[in-house]
Amino acid sequence: MTTLLTSTILAVIERAPQWVRHDLESKDDSLRARAEETLAAMISAALQDMQSQPFA
């Protein structure tokens, strides 16, 4: 992975809401799946935003 890609993903994970962090550890499959889907959507949005910005 590139440094920019890695730093973008790390930034998303760092600002993930507490409920996402908590639910990722859940033994309840539906709670864990909701958190996984939310985190995936957050990462996807950040990557799309990264790609749409012109290089500085």
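Keep in mind that this is a model prediction, so the values were computed, not measured. (Residues numbered from 1 in each chain as written. Predicted model: local features only at pLDDT ≥ 70, side-chain atom pairs only at ≥ 80, totals over all residues. Heavy atoms only, no water.)

Engineer: What's the story with the overall build of the chain in this structure? I'm lost.
Structural biologist: Per the secondary structure count, the chain includes three helices and zero strands. The N-to-C order of helical and strand elements in the chain reads α-α-α. Computed over its C-alpha atoms, the radius of gyration of the chain comes to 13 Å, more than 25% above the 10 Å expected for a compact globule of 56 residues. With respect to the three principal axes, the spread of C-alpha positions in the chain is 45 × 20 × 15 Å. For the chain, with 56 residues in total, the buried portion stands at 18%. Contacts in the chain between residues at least 24 apart in sequence constitute 46% of all its contacts with a sequence separation of at least 6. For the chain, the accessible surface area stands at approximately 4400 Å², while carbon and sulfur atoms represent 58% of it. Taken together, the 5 basic and 8 acidic charged side chains of the chain have centroids lying 3 Å from each other. (Helix = DSSP H or I, 4+ residues; strand = E, 2+ residues; numbered from the N terminus. Rg over C-alpha atoms; globule rule 2.2 N^0.38 Å. Buried < 20%, exposed > 50% of the residue type's maximum accessible area, 1.4 Å probe, protein only. Contact = heavy atoms within 4.5 Å. Areas by Shrake-Rupley, 256 points an atom, 1.4 Å probe, with all protein chains shown as cover. Lys, Arg positive; Asp, Glu negative; His and termini not counted. Charge placed at Lys NZ, Arg CZ, Asp CG, Glu CD.)

Engineer: Where do I start with helix 3 (residues 29–52) in this structure?
Structural biologist: Structural remark: α-helix, 3.6 residues per turn; residues separated by three or four positions point the same way. The end-to-end C-alpha distance of helix 3 is 34 Å, a good match for the 34 Å that 24 residues give at a rise of 1.5 Å each. Every buried residue belonging to helix 3 is among Ala35, Leu39, Ile43 and Ala46, and all of these are buried. Tucked inside the fold, the buried residues of helix 3 contact helix 1 (3–14) and helix 2 (18–24). (Expected span 1.5 Å × (residues − 1).)

Engineer: Would you take a moment to explain the pattern of salt bridges for this structure?
Structural biologist: Two side chains bearing opposite charge may form a pair once their charged atoms approach each other closely. Applying the stated criterion across every chain yields a total of two salt bridges. When the shortest N-O distance is used, the salt bridge between arginine 34 and aspartate 23 registers 2.6 Å. With a gap of 11 residues between them, arginine 34 in helix 3 and aspartate 23 in helix 2 connect regions that are remote in the sequence. In this structure, arginine 32 engages aspartate 29 in a salt bridge whose closest nitrogen and oxygen atoms are separated by 2.6 Å. Taken together, the residues span about one helical turn, with arginine 32 and aspartate 29 both in helix 3 at a distance of three residues. For arginine 32, a relative accessible area of 25% gives the class partly exposed. Judged by its relative accessible area of 53%, aspartate 29 is exposed. (Salt bridge = Lys/Arg side-chain N within 4 Å of Asp/Glu carboxyl O.)

Keep in mind these numbers describe shape, not what the thing actually does.
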